[in-house]
Amino acid sequence: MTSVSTQRILSGMRPTGRLHLGNYVGALENWVRLQDAGWTNFHMVADWHMLTTGYEHTADLQQNIWDMVLDWLAAGLDPAKSVIFVQSAVKEHAELHLLLSMLVSKARLERIPTLKEQIKDLCLDEQTISYGHLGYSVLQAADILLYRPTHVPVGEDQVPHVELTRELARRFNHVYCQERAAVFPEPEAQLTAFARMLGLDGRRMSKSLKNAIMLAEEPAAIEKLVMSAYTDPKKLRKDDPGRPQADESDGHPGCVVWEYHRKFNSGEADAIAVECRAGRLGCVADKRRLAAVMTEALAPIRERRERWANDPDAVRDVLRDGTAKAREVARETMDLVRSAMGVKSVVEPS
Ligand code: TRP
């Protein structure tokens, strides 16, 4: 069995600006847990990935990177333990992407479910999709393989990309490493346990659905948002019995307030469900209690964010140091890759 410290993760996020609780619970919280358990963490701002679906909208890109990195630091990513870097500052991602792109067929990329969904959601036309967009999962494979990680913590929707990454690792090793040590380990997808968080309206939490609570939300806003949260629509009066859990008979997705209690107030959640079902707890009182608990739970995150936001030079240092560290590993990998492939240039100094 490998020891804990030999476990290495690479994970990334597209820089969409400030993060919400769904991003926290689905990913960040897990990254911080692994970091604190002594794993070797690499965390990448996937800014080139933003271009695959929005190449013409780059005006907010730098601000969005900044806002997301502040939320990473606020959530507890510690630059002394985790490498935090920006993809576009490590050009090796582009080089490995190009080299790997030779090892995969166009048909294979067209079968990736995430791409098919994006085409449907964004109302794109399969015939006019860009070369870069079609190949973004190869870019993701390059992002991952450059750091030769053992695990890739991701959400369910990203599993097909990790599968492609494994195929490319195998293919590369098979084609170029017959007579030498394999360059790439096959990384495993690592799914997050509490992967999904409901939004305030009972649908999946998403910034674009406008049903999110942001990670660094102010206390007054938390209270206001929680008061608007979806509960059991059949519980009209405070002494009507309520349904904390989902009920398929009328499509009730479960009470959002109870779901948040389970996440942020796990010690009281069971008792709250009992009181609610018995008609002894009204939604208004229940929401007030939740708002208080969430405000307290999120206070350290909000405070950490403030501290980093007030020291932009320190944040720039984090990214500069992280990028330098990432580049070092990426360079080592590319040396191995070029040697194995026999594309090490004769004009390169030896
Ligand atoms: N494609 C991922 C997403 O949309 C972001 C991403 C890019 C990523 N590169 C990665 C995630 C490498 C994990 C590993 O969420």
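### Overview of the packing of helix α8 (residues 136–145) against helix α9 (residues 159–176)
Running from N to C, α8 and α9 point in directions that differ by 70°, and their axes come no closer than 9 Å. When the axes of α8 and α9 are compared, the pair comes out roughly perpendicular. Here the hand of the crossing between α8 and α9 comes out right-handed. Seen from α8, the contacting residues are Tyr136, Ser137, Val138, Gln140, Ala141, Ile144 and Leu145; seen from α9, they are His161, Leu164, Thr165, Leu168 and Ala169. Across the contact of α8 with α9, the residue classes break down as eight nonpolar, four polar and no charged.

### Remarks on the environment of Lys224
In this fold, Lys224 is placed in helix α10 (residues 219–227). Classification of Lys224 by relative accessible area gives exposed; the value is 66%. Spatially, the C-alpha atom of Lys224 lies 8.5 Å from that of Ala291, the residues being 67 residues apart in sequence.

### Topic: the pattern of salt bridges
Tallied over the entire structure, the rule returns 21 salt bridges. We note a salt bridge from Arg289 to Glu268, for which the minimum N-O separation is 2.9 Å. Here Arg289, found in helix α13 (residues 283–309), pairs with Glu268, found in helix α12 (residues 266–277); they are 21 residues apart in sequence, far enough to count as distant. Relative accessible area serves as the criterion here: at 38%, Arg289 is assigned to the partly exposed category. In this structure, Arg320 and Asp317 form a salt bridge, with 3.0 Å as the shortest nitrogen-oxygen distance. Here Asp317 and Arg320 lie together in helix α14 (residues 312–341), a separation of three residues that amounts to about one turn. Its relative accessible area of 52% is what places Arg320 among the exposed residues. Via salt bridges that share partners, Asp232, Lys234, Arg243, Asp247 and Asp250 belong to a single interconnected network.

### Brief notes about the nonpolar core
If you look at the biggest cluster of nonpolar residues, it comprises 52 residues, and the most contacted ones within it are Met13, Leu21, Leu28, Trp72, Leu215, Tyr260 and Met294. Sorting the residues of this core by element identifies α1 (21–36), α3 (61–75), β3 (82–86), α10, α11 (256–264), α12, α13 and α14 as the ones contributing at least two each. Among the elements that take part in this core, α3 stands out by supplying nine residues, more than any other. There are two domains that each give this core at least three residues, and those are domain 1 (8–197 + 312–341) and domain 2 (219–307).

Conventions and cut-offs
- Residues numbered from 1 in each chain as written.
- Predicted model: local features only at pLDDT ≥ 70, side-chain atom pairs only at ≥ 80, totals over all residues.
- Heavy atoms only, no water.
- Axes fitted to C-alpha atoms, helices over the stretch in contact; angles between N-to-C directions.
- Helix = DSSP H or I, 4+ residues; strand = E, 2+ residues; numbered from the N terminus.
- Parallel < 35°, antiparallel > 145°, perpendicular 65-115°, else oblique.
- Left-handed = near helix turned anticlockwise from the far one by under 90°.
- Contact = heavy atoms within 4.5 Å.
- Nonpolar A, V, L, I, M, F, W, Y, C, P; charged D, E, K, R; others polar.
- Buried < 20%, exposed > 50% of the residue type's maximum accessible area, 1.4 Å probe, protein only.
- Salt bridge = Lys/Arg side-chain N within 4 Å of Asp/Glu carboxyl O.
- Core = buried A, V, L, I, M, F, W, Y, C linked by side-chain atoms within 4.5 Å.
- Domains from an automatic or database assignment.

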